[in-house]
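Observations on chain architecture
One-letter residues, chain by chain:
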Amino acid sequence: MSANPTIVLVHGAASTAGVWAPLQRELALRGVRSLAPDLPGHGLNAHHPPSYYQSPQDLAAFATAPSALAGIGIDDYVEHLAGLLRRVAEHGPVLLAGTSAGGIPITAVAERYPELVDRLVYLSAWCAVRSESVADSASWPEHTGNLLDGVGWPVLGDPARLGVLRFNLRDADPARFRAAKAAMLAEGTDDEFRALVDVLEPDANVRIAGERVPATAERWGRVPRTFVRFTADRCTPLPEQDRMIAEADALAPGNPFDVRTLDCGHVAYFCRPVEFADLLTGPAADLG
C-alpha cells in the first residue's frame, strides 16, 4: 500500500466536482493523487432538464421540473463520502478538503467517522462546531460585507414544492453578471467566470442550509485540521471565517487549527490552481 496521501476535494452548494478540474490537473502534473466526487444530487448525480440548458430557455417549464436534490440532507452527504473515503484509505492517508458549504459535510464526516480522515482542510469553508446552521450565519454581524446575497439571481418556482432554491444562473443581465463575478471570482477574467458558471448548478440545497452539524472535541476535535483564510472573500467575509476558527479552537483547544492565509476570493482555486496546489501539497506531504 502506498504511503502517499489522497486529497479528497468537496464542492460547495449549487456546485459540482467540475469546480476542482483546474486544481486537479495541477495536482496530477505533480504526481499527487486526488479525488473530487459529486455529492448526492449534484453533477453527474443530478437531473439536467433541457428547459434550463437549451437555448432559448423554457423558464416556465424549468420552474416546475423536479430536482434530484429534493429531500437530500447531511446524512446522505456523509454516508456517500464515507463510502468513498473507505476505499481511498486503502491506498494511504486521506486529506479531506472542503470549500464554502462543503465544510458542512466534511465536518459531519469527521464527527461521525474520525478514523477515516487524517487531516481536514477548510478552504474558507463553513465550520459548524457551535450547532449553528448556514442560515443562522446570515444574522451574524461578521456576515456584513457579503456580496453574494445581493446578486439577485432570479428565483424560479416554489422552493417549498421543489425542495430546493432554484436560480437561473444563465440569466443574461450584464449588471447581474458583474455583481456575481465581484462576489465569487473578482480576480478571474470574464471568460473564467463564464467557465465557472458552466460547472455550477441552478439548484441549492435548502435542507442542509437549515440543518445543524454539532461537533465534539472527542471526535471531530481530534482530527488534525487546517483552515485557509481567504482575505478577499466576499461570500464568506474574513471576520466570519475568523469567528469560526476561534469557536473551533475554543471547542478543541488541545488541537487548534493550523491557520494559513491567502489573499484571494471565494472561488480563487478555479483560476489560481498553482497556488492552491502549493498550499495543499504542504499539508498533504505531512501525512505521507
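Now for a quick tour of the structure. (Residues numbered from 1 in each chain as written. Predicted model: local features only at pLDDT ≥ 70, side-chain atom pairs only at ≥ 80, totals over all residues. Heavy atoms only, no water.)

**Some points on the environment of alanine 13**
Threshold: Secondary structure counts use DSSP, requiring at least four H or I residues in a row for a helix and at least two E residues in a row for a strand, with both numbered from the N terminus.
Inspection of the secondary structure puts alanine 13 in the loop between strand E1 (6-10) and helix H1 (21-29). In this structure the C-alpha to C-alpha distance between alanine 13 and leucine 200, which are 187 residues apart in sequence, comes to 8.7 Å.

**Here we look at empty space enclosed by the protein**
Basically, it comes down to this: For each structure, a 1 Å grid was placed over the protein atoms alone; sets of points admitting a 1.4 Å probe that cannot get out are labelled cavities, open sets with protein on both sides within 12 Å along at least five of seven lines are labelled pockets, and lining residues have an atom within 4 Å of a point. Grid points are joined across faces, edges and corners, and a volume is the space filled by probe spheres set on the points. Asp, Glu, Lys and Arg are counted as charged, while Ala, Val, Leu, Ile, Met, Phe, Trp, Tyr, Cys and Pro are counted as nonpolar; the rest, among them Gly, fall into the polar class.
The final tally for this structure, using the stated rule, is 2 cavities of 30 Å³ or more. In this structure, the largest cavity occupies an estimated 130 Å³ of space. What lines the largest cavity is a set of 16 residues, and nearest its centre among them are Ala46, His47, Ser67, Pro202 and Asp203. For the lining of the largest cavity, the residue count by class is 9 nonpolar, 4 polar and 3 charged. Approximately 40 Å³ is the volume attributed to the second largest cavity. In terms of lining residues, the second largest cavity is bounded by His11, Gly12, Ala13, Ala14, Leu39, His42, Tyr77, Ala101, Gly102, Asn205 and Ile208. Residues belonging to the lining of the second largest cavity are distributed by class as follows: 6 nonpolar, 5 polar and no charged.

**Observations concerning the packing of aromatic side chains**
Basically, it comes down to this: Classification of ring pairs rests on two measures: the distance between centres of Phe, Tyr or Trp rings, Trp counted by its six-membered ring, which must be within 6.5 Å, and the angle between planes, read as stacked under 30 degrees, edge-to-face over 60 and tilted in between. Only protein chains enter the area calculation, which uses a 1.4 Å probe; residues under 20% of their type maximum are buried, those over 50% are exposed, and those in between are partly exposed. Two conditions define a charge sitting above a ring: the NZ of Lys or the CZ of Arg must be within 6 Å of the ring centre, and it must be within 35 degrees of the ring normal.
Scanning the entire structure with this criterion turns up 11 aromatic pairs. A centroid spacing of 5.6 Å and a plane angle of 90° characterise the contact between tyrosine 122 and phenylalanine 257, whose relative ring orientation is edge-to-face. Taken together, the residues span a long stretch of sequence, with tyrosine 122 in strand E4 (residues 119-123) and phenylalanine 257 in the loop between helix H11 (238-251) and strand E9 (258-262) at a distance of 135 residues. Comparing tyrosine 122 with phenylalanine 257, the two get one shared label, buried. Here phenylalanine 230 and phenylalanine 276 contribute two aromatic rings whose centre-to-centre distance is 5.6 Å and whose plane-to-plane angle is 85°, an arrangement assigned as edge-to-face. Of this pair, phenylalanine 230 sits in strand E8 (residues 225-230) while phenylalanine 276 sits in helix H12 (residues 273-285), placing them 46 residues apart in sequence. Each member of the pair, phenylalanine 230 as well as phenylalanine 276, carries the same accessibility label: buried. An aromatic cluster is defined as three or more aromatic residues linked by ring pairs; in this entry it consists of Trp20, Phe230, Tyr269 and Phe276. In this arrangement the basic side chain of arginine 166 is found over the ring face of phenylalanine 62, its NZ or CZ atom lying 4.4 Å from the centre.

**Topic: the pairing of E1**
This is how it is decided: DSSP calls a pair of strands paired once it identifies at least 2 bridges connecting them.
Counting buried positions along E1 yields 5 of 5 residues, so the element is predominantly enclosed. Both faces of E1 are covered, namely the face carrying Thr6, Val8 and Val10 and the face carrying Ile7 and Leu9. In the sheet, E1 pairs with strand E2 (residues 33-35) via 3 bridges, with the strands oriented parallel. If you follow threonine 6 over to E2, its bridge partner there is arginine 33. With 5 bridges joining them, E1 and strand E3 (residues 94-99) adopt parallel strand pairing. Paired with valine 8 across the bridge in E3 is leucine 96.

**A word on the sheet that holds strand E5 (residues 155-156)**
Reading across the sheet, the 3 strands line up as E5-E6-E7 and stay open at both edges, with antiparallel pairing between neighbours. Strand pairing shows two members of the sheet lacking a second neighbour, E5 and strand E7 (203-204), which therefore form its edges. Across 2 bridges, strand E6 (residues 165-167) lies against E7 in antiparallel orientation. Bridged to arginine 166 within E7 is aspartate 203.

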